[in-house]
Amino acid sequence: MASTGESPLYRDIFEVAPDPIVVHDADTGAVVNSNPAAAELLGFDRAELVGTHVGAFSPPGYTTEDANELIRAAVSSGSKTVEWAIRDADGDKRWVEVTLKRAEIDDRTRVVAFFHEITDRKDREQARLERNEQLTTLIDNLPVVVFTIDPDGVFTHSAGKGLESLGLEPGELEGVPVFEAYADYPHIVDAAETALNGDEVRVTQEVGELVFETWYRPLFDDGELSQVVGVSRDITDLKRREERVEALSDATNELLYSRSEEAVAETVTGIAQRILDRPLAAMWSYDGSEDTLYPIGAAGPATDADGPAGLSPIGPGTDEHRIFHSGDPTVVEDYQELANPSATETQLRTLLCLPLDEHGMLCIGSTAIAPFDSDERFLLEILASTAAAALDRVERETKLKAKQAELERSNEALQQFAYIASHDLQEPLRMVSSYVDLLDSEYGDELDEEAAEYMAYAVDGANRMQEMVDALLRYSRVETQAREFEPTDPGAVVSETLDALRMRLDEVGATVSAGSFPAVRADPNQLGQVLQNLLENAIQYADEAGVEPRIDIDATEADGMVEFRVSDNGPGIPDGKAEDIFEIFKRGGAHDADGTGIGLAVCQRIVQRHDGRIWAESDETGATFRFTLPAAPEGETDE
Amino acid sequence: MSETETSRAVEILLAEDNPGDVKLTEKALEKGNVLNNLHVVNDGVEAMAFLRQEGEYDSAPRPDLLLLDLNMPRMDGQEVLAEMKSDEDLRRIPVVVLTSSAAEEDIVESYDHHANAYLTKPVDFDGFVDIVGSIEEFWLSVVKRPPR
């Protein structure tokens, strides 16, 4: 380098150079000269700087000796570069790259220090470094396995907390081909190969006892596969939970078909024992009359020896008895610590008791102290409420069966009665009326007026009784002459019924308007009977009240039932009689055109036989009778 | 009296346990116009003995018509029907079931046992006279009966 002292041009360049330049004496390291940029950066006056040793403005940690070392190195090798973090005049930290060059100036050996500020670059580097560190920390702590595979199938990266469950150290797989590492797991090798062929893969993979959900994503660089990145998540617990919920849902379905308490107990204890790792599950049924719970089912290896019969009943005064009556699911931390256990010789330790409403109790336990986690409790409480519902249903069904049997018995009794009514009861009745007749025809001339009147009463009484016997028979025939239900068009039945009543309708000047009728599943004859009875009632009561009968009939379908409506403009039903009128022989001065008061009872019996119901409403405009019959299922057509 | 028949009286056997009904039948037949001999038995066992001319009925005539009540002690009407109709000799005797029962099962069973007719006894006497009159008219006059 030329002399700086001689040429004004060089001096000017030296003076205006934006980067700081400092000239040192090669032997002492002292500053010989500096440009304004240097003075500004270092916070010295230029004159002040001359003679100062480089050590004075070296960053902290650099001694004068270190500085001399650098100067000497620059002298001997001709050039030396160092990066410094320094404080500027304002005290801010700035990074500079200092290049020390040996130079001969004015025949003296100097070392010229060229400063170049690299603060921005260093800051960027620093930020990148910190981000990388952060990312590494993040990845290392993610509860998954993160990995990359190069195009040859070799692991280039493996990290994540998920590695722990596989017993692997971070980075352990790096450098190992996936085909070797997972030679025993063909489905993993397959997935990796698919990804290496450029297709994204998302699979559930079993590795030993564990289940992983893994995502392989191929990355491309200019259309060429550059690597496959992968994330693998341990879903073993999730799977287990799923399986438990499935088992629970299967059990719920099974419980729908359980026919007895014992069958419910078998299913419930079996499932409780299966979905939890608890050796003991047992169920008790509550006997209210003795205030005692009796075992009805148990599952688990621990109960094989003694079975449910070996379990103790839970009587008053015991802790379990108290838990049952509390109605709340209760955890017994250690059965052996109970003051009043129902079972005295048992290895049982931790126990969860779930009262099943008034039906009984379900208990799940283990022979070791093992607290129940919230997941277990949640599943068991669902199971318990399902069990309680199943027991409810079993109880209802049992009652229903008993009721049905009773109903069948009473039906048989009714048929028997009907036979008696039709035969044995008629016989003496016939005697009465026949012989009163005979008396009249043979001795009528000899009787006075009063005797004739008595006889008329006797005849009338016998006739009325005959009508009642006939009515009873009609009532009983609702069952005995019932036919199978079939898809029926009520519109046709209405037309037939109106035809049959045509003369009577014309006679009283009645008008009937019939609407539309959804198809029903019914005994068409009996539907006709109901309609005829209701129409006859409507006609008669309106007519008797002195109005021209106006009757509306229609029907609407809702919730699988068709509701029929027959309304008239008659006097209506007296207050409080709307229910009485359906009772056998009860006319209550109301609404039953059948002389014996059995017409509406027959209607009710027919409707009930169809699982429908019949009721009456009334206001000042008339009476409305409504009844429901099952709608014909979709697709079934009228024949 | 039928013109096509010989003028002998027709033999009618009434199997009926109710004396009231027996009397009514007698009265009704009196009002009719067919000359008849009415024989009465009170249960099925006696009816079979009469038909087979057994015991005290050894000289009983073979009836032209049997009026049969269903509800009788010892042996009921259905049993009489079943036995008669499986007897080659007796099966040709016309049987009219005359009963208070209008029960479908009784009607069906009677025809299953080959009853020739099934009639329900009317409640009043006039009705009874009418129905016995119809029996006389149809079974003793209109119908060609088998030879005795």
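Residues numbered from 1 in each chain as written. Chains lettered and ligands numbered in written order. Predicted model: local features only at pLDDT ≥ 70, side-chain atom pairs only at ≥ 80, totals over all residues. Heavy atoms only, no water.

### Notes on the sheet that holds strand S15 (residues 360-365) of chain A
Residues and elements named next belong to chain A. Counted only if it meets this: Pairing between strands is defined by DSSP: at least two bridges between the two strands are required. A run of H or I in DSSP becomes a helix once it reaches four residues, and a run of E becomes a strand once it reaches two; helices and strands are each numbered from the N terminus. Think of each axis as a best-fit line through the C-alpha atoms, taken over the contacting stretch in the case of a helix, with angles from 0 to 180 degrees between the N-to-C directions. The contact definition used throughout considers only heavy atoms, calling two residues in contact when any of these lie within 4.5 Å.
Pairing within the open sheet is antiparallel, and its 5 strands lie in the order S12-S11-S15-S14-S13. Edge positions in the open sheet fall to strand S12 (292-299) and strand S13 (330-332), since each of these has one partner strand only. Taking the axes of each pair of neighbouring strands and ignoring which way they run, one obtains an average angle of 25° across the sheet. Looking at chain direction, strand S14 (residues 351-356) and S15 are connected through 6 bridges and run antiparallel. When the bridges of S15 are listed, Leu-356 appears paired with Gly-360. Contacting strand S11 (280-287), S12, S13, S14 and S15, helix H13 (residues 319-326) crosses the sheet at an angle of about 120° to S15.

### Remarks on the sheet that holds strand S22 (residues 622-630) of chain A
All names here are of chain A. Judged by pairing direction, the sheet is mixed, and its 5 strands sit side by side in the order S17-S19-S20-S22-S21 without closing on themselves. The sheet is open, and its two edges are formed by strand S17 (511-514) and strand S21 (614-619), each paired on a single side. Mean inter-strand twist for the sheet, computed between neighbouring axes without regard to direction, equals 15°. In terms of strand pairing, S17 meets strand S19 (residues 550-558) through 4 bridges, oriented parallel. Paired with Ala-514 across the two strands is Ile-553, which belongs to S19.

### Focus on the confidence of the model for chain B
Low pLDDT means the predicted atomic positions in that stretch should not be read closely. Residues and elements named next belong to chain B. For clarity, the threshold we go by: Every residue is assigned a pLDDT by the predictor, reflecting its confidence on a scale from 0 to 100.
This prediction gives chain B a mean pLDDT of 84; 95% of its residues lie at or above 70. Confidence, expressed as mean pLDDT per element, reaches its minimum in chain B at helix H5 (residues 125-142) with 82 and its maximum at helix H2 (residues 44-51) with 92. In this model, residues 1-5 is a region of pLDDT below 50 whose contacts with residues beyond four sequence positions or in other chains number 6 contacts. Overall fold confidence (pTM) sits at 0.46, and the ipTM for the predicted complex is 0.75.

### Observations regarding helix H1 (residues 19-31) of chain B
Heads up, the condition is: Here, expected helix span is obtained from the residue count minus one, scaled by 1.5 Å. With a 1.4 Å probe rolled over the protein chains alone, any residue whose accessible area is under 20% of its type maximum counts as buried; one over 50% counts as exposed, and the rest are partly exposed. Here a polar contact is recorded for every N or O atom pair within 3.5 Å, except that within protein the pair must consist of a potential hydrogen donor and a potential acceptor, and residues adjacent in sequence are included only if both atoms are side-chain atoms.
For H1 of chain B, spanning 13 residues, the distance from its first C-alpha to its last is 18 Å, which sits close to the expected 18 Å at 1.5 Å a residue. Three or more residues of H1 of chain B are buried, namely Gly-20, Asp-21, Val-22, Leu-24, Thr-25, Lys-27, Ala-28 and Leu-29 of chain B. Looking at the buried side of H1 of chain B, the elements it contacts are helix H15 (426-443) of chain A together with strand S1 (10-15), strand S2 (36-41), strand S3 (65-68) and H5 of chain B. The N-cap residue of H1 of chain B is Asn-18 of chain B: its side-chain oxygen and the backbone nitrogen of Gly-20 of chain B are 2.9 Å apart.

### Points about the packing of H15 of chain A against helix H16 (residues 449-480) of chain A
Residue and element names in this part refer to chain A. Note the threshold: To sort the angles, those under 35 degrees are grouped as roughly parallel, those over 145 as roughly antiparallel, those from 65 to 115 as roughly perpendicular, and the leftovers as oblique. By definition, any crossing whose near helix is turned counterclockwise from its far helix by less than a right angle is left-handed, and any crossing with a clockwise turn is right-handed. Three classes are used, and their members are as follows: Ala, Val, Leu, Ile, Met, Phe, Trp, Tyr, Cys and Pro are nonpolar, Asp, Glu, Lys and Arg are charged, and the others, Gly among them, are polar.
One way to put it is that H15 packs onto H16 with a least axis distance of 10 Å and a crossing angle of 150°. Between H15 and H16, the interaxial angle falls into the category roughly antiparallel. As H15 packs across H16, the resulting crossing turns out to be left-handed. Together, Gln-426, Leu-429, Val-432, Ser-433, Val-436, Leu-439 and Asp-440 of H15 and Met-455, Ala-458, Val-459, Ala-462, Met-465, Gln-466, Val-469 and Asp-470 of H16 make up the contact between the two elements. Looking at the contact of H15 with H16 residue by residue, the classes come out as 10 nonpolar, 3 polar and 2 charged.

### Re the nonpolar core
All names here are of chain A. What counts, and what does not: Nine residue types can take part in a nonpolar core, namely buried Ala, Val, Leu, Ile, Met, Phe, Trp, Tyr and Cys, and a core is a set of them joined through side-chain atoms within 4.5 Å.
Grouped together as the largest cluster of nonpolar side chains are 43 residues, with contacts concentrated most on Leu-527, Leu-534, Phe-564, Phe-625 and Phe-627. Ranked by the residues each element gives to this core, the list is headed by helix H19 (residues 524-544), at 7 residues. Apart from the residues lying within four places of it in its own chain, the contact partners of Leu-527 are Thr-488, Pro-490, Val-493, Val-520, Phe-564, Phe-627 and Leu-629. The next biggest cluster of nonpolar side chains, apart from the first, holds 29 residues, and it includes Leu-248, Ala-272, Leu-276 and Leu-362.

### Section: unusual backbone geometry
Residue and element names in this part refer to chain A. Look at Asp-107: it is not a glycine, yet its phi comes out positive at around 65°. Mapping Asp-107 onto the fold places it in the loop between strand S4 (93-105) and strand S5 (108-117). A positive phi angle, near 50°, is found at Asp-291, a position not held by glycine.

### Considerations on the interface of chain B and chain A
In plain terms, the rule: Here's the idea: put two parts together, see how much 1.4 Å probe accessible area each one loses, and the total over both is what we call buried area. Counted as salt bridges are all cases of a side-chain nitrogen of Lys or Arg within 4 Å of a carboxyl oxygen of Asp or Glu.
Every contact between the two is made by 24 residues of chain B and, on the other side, 18 residues of chain A. Its largest share of buried area at the contact with chain A, chain B owes to Ser-100, Val-123 and Phe-125 of chain B, together 34% of the area lost on that side. Summed over the shared surface of chain B and chain A, the number is 2 salt bridges. With its nearest N and O atoms 2.7 Å apart, the salt bridge here joins Arg-430 of chain A to Asp-21 of chain B. The interface formed by chain B and chain A includes 4 residue pairs in polar contact (both at pLDDT 80 or more). At the level of elements, H1, helix H4 (104-112) and H5 of chain B are the ones that each hand at least two residues to the side of chain B that touches chain A. Counted by class, the side of chain B that touches chain A contains 8 nonpolar, 6 polar and 10 charged residues.

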